[in-house]
Amino acid sequence: MASDGQEYLHQSLGQLKKPHGCIVTIFGASGDLTKRKLIPALYNLALEKKLPERLAVVGYARSEMSHEAFRDKMREAVQEFSRTGLKDQAVWEQFAATLYYVRGGYDEADGYQSLKEFIDGFDRNSRVPPARVFYLATPPDLYGPVVERLSATGLAPREADGEGRARVIIEKPFGTDLQTARELNRRVHDVLDESQVYRIDHYLGKETVQNIMVFRFANAVFEPIWNRRYVDHVQITAAESVGVETRGGYYEEAGVVRDMFQNHLLQLLCLTAMEPPVGFNPDAVRDEKGKLLKSVRAIAPEEVASSAVRGQYGPGQIGDQKLPGYRQESGVHKTSPTVSYAALKFYVDNWRWEGVPFYLRSGKRMAKRVTEVAIQFKRPPLLLFKSHALDNVNPNVLVMRIQPDEGVSLTFEVKPPGSEMVVSPLSLDFNYEEAFGSGSPEAYETLLEDCIEGDSTLFTRHDWVEAAWALTDPIIQVWNLSKPKSFPNYAAGSWGPAEADELMQRDGRRWRKP
Ligand code: BG6
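A brief look at the structure comes next. Not measured: the values here are computed from a predicted model.

1. As for the environment of Lys87
(1) Moving on: Note that Lys87 resides in the loop between α2 (67-81) and α3 (89-96).
(2) Moving on: A relative accessible area of 63% means that Lys87 is categorised as exposed.
(3) Moving on: Expressed as a C-alpha distance, the spacing of Lys87 and Tyr43, which sit 44 residues apart in the sequence, is 9.8 Å.
(4) Moving on: If we ignore the near neighbours within four places in the chain, the residues touching Lys87 are Tyr43 and Leu47.

Below, the structure written as structure tokens:
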């Protein structure tokens, strides 16, 4: 991203460039994301020597706090939330010395002035100007004001395409519907070049999600069968066993379609179904994802009843643990209509996928935490083995297990030894931990490292966000207009409402129970 190639150490992958210096400013430094994810991720990057030589991490929030107090709080956060704990005291001390705190309001000039003085001071003491990363981990209604203030104070000047030193990471949700997303894109583009904007979707940083592209485009055997001729349908599941935890207030407004489908599930759909990009660079990959999303047929309002199912969990249990229903969670209204489970059927109107349904489902408080993409192939055209009816032969299924138990498996039919000609399913299995051991980087590590290096491949572009809202808006609108009569309609700890099973049964299919 630099105009002057001398500024950077080039890494082995050629495209990646690590700046000598970087200042990461986190807006919303007293919030949950900072302590659970961001600081632990930066600490783990420090541990693996993946951070620039000259580094400052500035926490910015409204409350009064000294640098020392901020360091102490972050030490506890790393101890509690880092995947490696606080593994190396010496690395922690070095890292802690780069942590600073600046107090300020999000929409008041004063705080930004103090931040500017701090950052300018760091700049003056640097041999080459450091990259500036601004992480917006604030409530979403502050994204617009923060970006505008960053521009007005000159902290993040607009920089020409590809030359940006100042980058802004924007957390989800990016808008609450198409109109608000457009409006936010407009406000952001008024002051920044798109190349400076990093809209984060943490799913894209997961190793197993990145592996979807490698699996598809670094292996020749799957491409010829990755289409309507061989694939019967695709199931994408993101089931969570947790409820809304402490986020009842947020979730009441969001619901599962905004919280999981508009971003994570549609990203998984794109990576699974898109055409090969012309190269592995930000625009090539994001062009293909955008093209795919634009060929997903929107569910028309009159089709919502037949192609979409909504649910809300009632009381139930997982194992011995008794669980409250959604309406009993704190911050949730007693008669809330909020949707905590959805199953959607989409078609992709292009040559590769014509007629192949993509079933997407996600819910809170389901039987098990599991995220996977399952490609179900067609059955063999003719059955030779008379002892089995054709519909007893299991179709081949290729499953990309995103989490937990990360891996890939392919099921196929075999003949168990014996005199009878019987057919039985088995699978070829690849498991990440067995192959590579534990200790893969967390999504936020990968994404922060990429942004520091100026690589936006795994971030979301403005047109994608808008196209995703265009697909989810009609469903949310129809559901808002007709309040659910049967909520709660699935028990906590189950696999979702019966209507979701019926959606599949009508098509002669059924959900996997991973
Ligand atoms: C977040 C949602 O984006 O993703 C949460 O806001 C959800 O509600 C989370 O729990 C799931 O992420 P992961 O990485 O645990 O699958």
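2. Focus on the sheet that holds strand β14 (residues 341-347)
(1) Moving on: Here eight strands make up an open sheet; going across it, the order is β10-β14-β15-β9-β16-β17-β18-β19 and the pairing mixed. The open sheet has two edge strands, β10 (308-311) and β19 (424-431), and neither has a second partner. The mean angle between the axes of side-by-side strands here comes to 15 degrees, regardless of whether they run parallel or antiparallel.
(2) Moving on: Two elements, β14 and strand β15 (residues 357-363), share seven bridges in a ladder whose sense is antiparallel. Counterpart to Lys345 in the pairing with β15 is Tyr359.
(3) Moving on: Its contacts with the sheet put helix α7 (residues 207-217) on β16 (370-377), β17 (397-403) and β18 (407-414), and the angle it makes with β17 is roughly 145 degrees.
(4) Moving on: Across the sheet, helix α14 (residues 498-505) lies against β9 (231-239), β10, β14 and β15, angled at about 165 degrees from β10, the strand it touches most.

3. Let's talk about the site of the ligand
(1) Moving on: Close contacts around the ligand come from Lys172, His202, Tyr203, Lys206, Glu240, Arg247, Asp259, Met260, His264, Lys364 and Gln403, and that covers them all.
(2) Moving on: A distance of 2.7 Å is found between an oxygen atom of the ligand and a side-chain nitrogen or oxygen belonging to His264.
(3) Moving on: Starting from 400 Å² of accessible surface for the ligand in isolation, the protein chains cover 80%.
(4) Moving on: For the shell around the ligand, the leading source of residues is helix α8 (residues 248-273), giving three residues.

4. Considering the nonpolar core
(1) Moving on: Within the largest apolar cluster, 149 residues are counted, with the highest numbers of intra-cluster contacts made by Phe27, Phe95 and Phe134.
(2) Moving on: Ranked by residue count, the leading element in this core is α8, at twelve residues.
(3) Moving on: Here Phe134 is in contact with Thr25, Phe27, Ile119, Leu150, Leu155, Ala156, Ala166, Arg167, Val168 and Ile169, once residues within four sequence places are set aside.

5. A look at the sheet that holds strand β3 (residues 21-27)
(1) Moving on: A sheet is described by the order of its strands in space; here six strands give the open sequence β5-β4-β3-β6-β7-β8, paired in parallel fashion. Looking at which strands have only one partner, the edges of the open sheet turn out to be β5 (99-103) and β8 (197-199). Direction aside, neighbouring strands of the sheet carry axes that sit 20 degrees apart on average.
(2) Moving on: Both β3 and strand β4 (residues 54-61) contribute to a ladder of seven bridges, which runs parallel. Opposite Cys22, over in β4, you have Leu55 as the bridge partner.

6. Here we look at the environment of Glu329
(1) Moving on: Mapping Glu329 onto the fold places it in the loop between β13 (321-323) and β14.
(2) Moving on: Take Glu329: its relative accessible area is 11%, and that puts it in the buried class.
(3) Moving on: C-alpha separation for the pair Glu329 and Gly248, spaced 81 residues apart in sequence, amounts to 6.7 Å.
(4) Moving on: Setting aside chain neighbours within four positions, we find Glu329 in contact with Gly243, Val244, Tyr313, Pro324 and Arg365.

7. Observations concerning the pairing of β15
(1) Moving on: Buried residues dominate β15, accounting for seven of its seven residues.
(2) Moving on: What you see with β15 is no split at all: Pro357, Tyr359, Arg361 and Gly363 on one side and Phe358, Leu360 and Ser362 on the other are buried throughout.
(3) Moving on: Strand direction decides the pairing type here: β9 and β15, joined by six bridges, are parallel. Paired with Ile236 across the two strands is Leu360, which belongs to β15.

8. Some words on helix α13 (residues 462-481)
(1) Moving on: A rise of 1.5 Å per residue sets the reference length of α13, with its 20 residues, at 28 Å; its end C-alpha atoms lie 28 Å apart and thus fit the reference within 8%.
(2) Moving on: Roughly 35 degrees is the biggest bend found in α13, and it falls at Thr472, with proline Pro474 one to four residues downstream.
(3) Moving on: Burial analysis of α13 places 14 of its 20 residues in the buried class, which makes it a mostly covered element.

9. Details of a nonpolar patch on the surface
(1) Moving on: Together, Leu382, Leu384, Phe385 and Met421 give the surface a local cluster of nonpolar side chains, amounting to about 420 Å² of exposed area.
(2) Moving on: Note on placement: Phe385 falls in the loop between β16 and β17.
(3) Moving on: With a relative accessible area of 32%, Phe385 lands in the partly exposed category.

Calculation criteria
Residues numbered from 1 in each chain as written. Predicted model: local features only at pLDDT ≥ 70, side-chain atom pairs only at ≥ 80, totals over all residues. Heavy atoms only, no water. Helix = DSSP H or I, 4+ residues; strand = E, 2+ residues; numbered from the N terminus. Buried < 20%, exposed > 50% of the residue type's maximum accessible area, 1.4 Å probe, protein only. Contact = heavy atoms within 4.5 Å. Pairing = 2+ DSSP bridges. Axes fitted to C-alpha atoms, helices over the stretch in contact; angles between N-to-C directions. Near = heavy atom within 4 Å. Polar contact = N/O pair within 3.5 Å; in protein donor to acceptor, adjacent residues only side chain to side chain. Areas by Shrake-Rupley, 256 points an atom, 1.4 Å probe, with all protein chains shown as cover. Core = buried A, V, L, I, M, F, W, Y, C linked by side-chain atoms within 4.5 Å. Expected span 1.5 Å × (residues − 1). Bend = angle between axes of the 7 residues up to and from the residue. Patch = residues over 30% accessible without salt bridge, like charges linked within 9 Å, V, L, I, M, F, W, Y side chains within 5 Å. Salt bridge = Lys/Arg side-chain N within 4 Å of Asp/Glu carboxyl O.

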